[in-house]
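Structural characterization, general
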Amino acid sequence: MTQAPIEAVPTGNTFDKYGSTNPVVRRLMEGFQSTLDELWAKAAPNSILDVGCGEGVLTYEWAERLGDRRIVGIDLDDDKLKAEWDTRQRANLEYVPADATSLEFVDDEFDMASAIEVLEHVPEPERTLAEMARVARRHLLVSVPREPLWRGLNMARGAYLKDFGNTPGHINHWSKRSFVSLLSRYGTVEEARSPFPWTMLLVRLS
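So, a few notes on the structure that sits alongside this text. (Residues numbered from 1 in each chain as written. Predicted model: local features only at pLDDT ≥ 70, side-chain atom pairs only at ≥ 80, totals over all residues. Heavy atoms only, no water.)

**Here we look at the nonpolar core**
- Core analysis: the biggest nonpolar cluster contains 28 residues, and Leu49, Leu119, Leu129, Leu140, Val142, Phe179 and Leu183 have the highest contact counts within it.
- Of all elements in the fold, only β2 (48-51), β3 (71-75), β5 (110-116), α4 (125-135), β6 (136-145), α6 (176-183) and β9 (198-205) reach the threshold of two or more residues within this core.
- Ignoring anything within four residues of it in the chain, the contact list for Leu129 reads Leu119, Leu140, Val142, Leu182, Leu183 and Tyr186.
- Core analysis: the next-biggest nonpolar cluster, separate from the first, contains 24 residues, Cys53, Ala63, Ile116 and Trp150 among them. (Core = buried A, V, L, I, M, F, W, Y, C linked by side-chain atoms within 4.5 Å. Buried < 20%, exposed > 50% of the residue type's maximum accessible area, 1.4 Å probe, protein only. Helix = DSSP H or I, 4+ residues; strand = E, 2+ residues; numbered from the N terminus. Contact = heavy atoms within 4.5 Å.)

**What about the packing of aromatic side chains?**
- Within this structure, the stated rule accounts for six aromatic pairs.
- Ring geometry for Trp40 against Trp62: centres 6.3 Å apart, planes inclined by 35 degrees, an arrangement best described as tilted. Highlighted residues: Trp40 in helix α1 (residues 23-43) and Trp62 in helix α2 (residues 57-66), separated in sequence by 22 residues. Both residues of the pair, Trp40 and Trp62, count as buried.
- Geometrically, the ring pair formed by Trp174 and Phe179 is tilted, given 5.2 Å between the ring centres and 55 degrees between the ring planes.
- The class of Trp174 is buried, set by a relative accessible area of 2%.
- Using a relative accessible area of 0% as the deciding quantity, one classes Phe179 as buried. (Phe/Tyr/Trp six-rings, centres within 6.5 Å; stacked < 30°, edge-to-face > 60°.)

**As for the pairing of β9**
- Of all eight residues in β9, seven are buried, a share of seventy percent or more.
- Here strand β8 (residues 187-193) runs beside β9; their pairing, made up of six bridges, is antiparallel. Considered in β9, the bridge of Ala192 is made with Leu201.
- Counted along the chain from β8 to the antiparallel partner β9, the turn is four residues long. (Pairing = 2+ DSSP bridges.)

**Section: the pattern of salt bridges**
- Under the criterion given, the structure shown has 15 salt bridges.
- In this structure, the salt-bridge partner of Arg138 is Asp111, at a minimum N-O distance of 2.8 Å. With a gap of 27 residues between them, Arg138 in strand β6 and Asp111 in strand β5 connect regions that are remote in the sequence.
- Using a relative accessible area of 25% as the deciding quantity, one classes Arg138 as partly exposed.
- What you see here is one network of salt bridges that share partners, running through Glu38, Lys42, Glu191 and Arg193. (Salt bridge = Lys/Arg side-chain N within 4 Å of Asp/Glu carboxyl O.)

**Quick look at the environment of Arg137**
- With respect to the secondary-structure elements, Arg137 resides in strand β6.
- Relative accessible area serves as the criterion here: at 39%, Arg137 is assigned to the partly exposed category.
- For the pair formed by Arg137 and Glu109, sequence separation is 28 residues and the distance between their alpha carbons is 7.1 Å.
- What Arg137 contacts, discounting residues up to four positions off in sequence, is Ser47, Asp108, Glu109, Phe110, Asp111 and Leu205.
- In this structure the side chain of Arg137 is engaged in a polar contact, spanning 2.8 Å, whose partner is the backbone oxygen of Asp108. (Polar contact = N/O pair within 3.5 Å; in protein donor to acceptor, adjacent residues only side chain to side chain.)

Quick look at the structure:
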């Protein structure tokens, strides 16, 4: 892993990849979401803590799949996010402003903890993962941009050239191998997928 200078941690999506009408983005997101759905189904969680839930797009979708089973989405305290949360409500879904490095949940409170496109943004990814592993019983489900591919693609389309293709807010950078190595500290990597241009892992906790 490499780490860039620490900036303020962003909240929400700087680019609405879930709602984009760009055909290239839509094609990439189809691969991302289908892989995510496969790993989610394999984990078959009974309850979820979704770390860095942003606007709650995925969190709400998962809440619908869970039926009446519990899901909690956490992110930094931000009025714009709270306004988005208000539009995505279900009886089994709760949103909590929280610091992911110091979670106020008990050990093994959730069946699975997820961090989807989050860890590249946080100043202390190892502390975040340790807390996720503490509060989850069975699985971690995580994804990050695959480097150096991600930066190379940005450079190829002429984006963020002065930052050598680094997306604003990305302070941590992992290759697939280095990300698998990191997550192996917390359990067994059951699945390591590469939906272009991301790395996505399902980890069974020790």
